[in-house]
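A structural walkthrough
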Amino acid sequence: MKTNFNHHQLFLISIGAFSSLAAILGVINYLGGNFSAHSWAFFPLGIFVWGDAIVLGTFLAIASVTLWKKDNPIYSGLFFSIYATIRAFIEALYGLNAQFSSLNRPWEKEWLEIANNLNLSPLELYMFDQIIATCIAIISLLVFLSFFKKYIKI
């Protein structure tokens with residue numbers, strides 16, 4: 001039996017599977033004492049540490065199944081673009097806050113090593129992170145508005 005999936009369905013399958021993997025690995029890493037360690041492979045999903053993976057991985061997996069049942073690419077576009085907007089906005093605020101904080105959080109240990117390897121100060125690295133997150137937030141907001149315009153025409 002041959003099953004043909006359209007692009008929308010393949011997108012949801014990919015996000016759902018990747019998110020489920022993140023959630024499972026998040027639990028495994030949490031049980032191994034790595035709650036605050038970076039989850040590099042899942043950065044594109046807005047999952048930065050294994051603690052994020054447990055919650056956001058599960059959330060995105062459930063959202064993918066729900067959107068699969070709705071079977072409407074516009075709903076999926078609205079959901080994922082607003083998710084990316086909010087997640088990037090939160091990361092931009094975090095990067096901005098980190099620029100003015102002397103507190104070193106557990107997950108920032110690797111960032112400090114990266115900054116040192118790139119001959120940057122931690123302040124410069126957080127500034128760079130904040131600028132990238134701001135750009136992602138703006139782009140994803142514009143994508144959201146594009147999908148919202150299509151949604152209104154339905």
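What comes next is a walk through the structure. Within every chain, residues take consecutive numbers counted from 1 along the sequence as written. The model is predicted, so local features are restricted to residues of pLDDT at least 70 and side-chain atom pairs to those at 80 or more, both for listing and for counting; the totals for chains, interfaces and linings are taken over all residues. Hydrogens and water molecules were not included; the side-chain quantities draw on all heavy atoms of the structure.

For the rest of this paragraph, the subject is the pattern of salt bridges. Criterion for a salt bridge: a side-chain nitrogen of Lys or Arg within 4 Å of a carboxyl oxygen of Asp or Glu. Inspection of every chain in the model, using the stated rule, returns 2 salt bridges. We note a salt bridge from Glu108 to Arg105, for which the minimum N-O separation is 2.9 Å. When accessible area is computed with a 1.4 Å probe and restricted to protein chains, residues below 20% of their type maximum are described as buried, those above 50% as exposed, and intermediate ones as partly exposed. With relative accessibility at 1%, the residue Glu108 sits in the buried group.

Comment: elements are numbered from the N terminus, with helices defined as DSSP H or I runs of at least four residues and strands as E runs of at least two. Considering the arrangement of structural elements, one finds Pro73 in helix α3 (residues 73-99). A C-alpha to C-alpha distance of 13 Å links Pro73 and Ala63, two positions 10 residues apart in sequence.

Time to look at the packing of helix α1 (residues 7-31) against α3. Only the stretch in contact is used when fitting a helix axis, every axis being a line fitted to C-alpha atoms; angles between N-to-C directions are given from 0 to 180 degrees. Axis separation between α1 and α3 bottoms out at 10 Å; the angle between their running directions is 40 degrees. When the axis of α1 is compared with that of α3, the two are oblique. Considering how the two elements wind past one another, α1 and α3 form a crossing that is left-handed. For the pair formed by α1 and α3, the contact residues are His8, Phe11, Leu12 and Ile15 on the first element and Pro73, Ser76 and Phe80 on the second. These descriptions rest on fixed angle ranges, namely under 35 degrees for roughly parallel, over 145 for roughly antiparallel, 65 to 115 for roughly perpendicular, and the rest for oblique. The hand of a helix crossing depends on one turn: near helix anticlockwise from the far one by less than a right angle means left-handed, and clockwise means right-handed. Residues are treated as being in contact if the distance between any of their heavy atoms lies within 4.5 Å.

The next point concerns the packing of aromatic side chains. A ring pair, where both rings are aromatic, is described by two values, the distance of the centres and the angle of the planes. Think of it this way: a Phe, Tyr or Trp ring, Trp meaning its six-membered ring, pairs with another when their centres are within 6.5 Å, and the plane angle makes it stacked under 30 degrees, edge-to-face over 60, tilted otherwise. In total, this model carries 15 aromatic pairs according to the counting rule given. Taking the centre distance of 5.9 Å and the plane angle of 65 degrees together, the rings of Phe5 and Trp68 count as edge-to-face. Linking Phe5 in the segment before α1 with Trp68 in helix α2 (residues 50-70), this pair joins segments that are 63 residues apart in sequence. A relative accessible area of 38% means that Phe5 is categorised as partly exposed. Judged by relative accessible area, Trp68 falls into the partly exposed class, the value being 33%. Pairing Phe18 with Phe42 gives two aromatic rings, centres 4.8 Å apart and planes at 40 degrees, and the pair type is tilted. One end of the pair, Phe18, is in helix α1; the other, Phe42, is in the loop between α1 and α2, with 24 residues separating them in the sequence. For Phe18, a relative accessible area of 31% corresponds to the partly exposed category. Among the aromatic residues, those joined into a cluster by ring pairs are Phe11, Phe59, Phe79, Phe80 and Tyr83.

Residues enter patches when their relative accessible area tops 30% and they take part in no salt bridge; the joining distance is 9 Å for like charges and 5 Å for the nonpolar side chains Val, Leu, Ile, Met, Phe, Trp and Tyr. Surface accessibility in these figures is a Shrake-Rupley result with a 1.4 Å probe; residues are shielded only by whichever protein chains are displayed. Together, Ile86, Phe89, Ile90, Leu93, Leu96 and Phe100 make up a nonpolar patch on the protein surface, roughly 620 Å² of accessible area in all. Within the element layout of this structure, Leu96 appears in helix α3.

Attention now moves to the packing of α2 against α3. Where α2 contacts α3, the two axes come as close as 10 Å, and the packing angle between them is 160 degrees. Looking at the two axes, α2 sits roughly antiparallel to α3. The two elements α2 and α3 cross, and the hand of that crossing is right-handed. Contacts between α2 and α3 involve Asp52, Leu56, Phe59, Leu60, Ala63, Ser64, Leu67 and Lys70 on the former and, on the latter, Tyr75, Ser76, Phe79, Phe80, Tyr83 and Arg87. Here the term charged refers only to Asp, Glu, Lys and Arg, the term nonpolar to Ala, Val, Leu, Ile, Met, Phe, Trp, Tyr, Cys and Pro, and the term polar to all other amino acids, Gly among them. Considering only residue class, the contact of α2 with α3 consists of 9 nonpolar, 2 polar and 3 charged.

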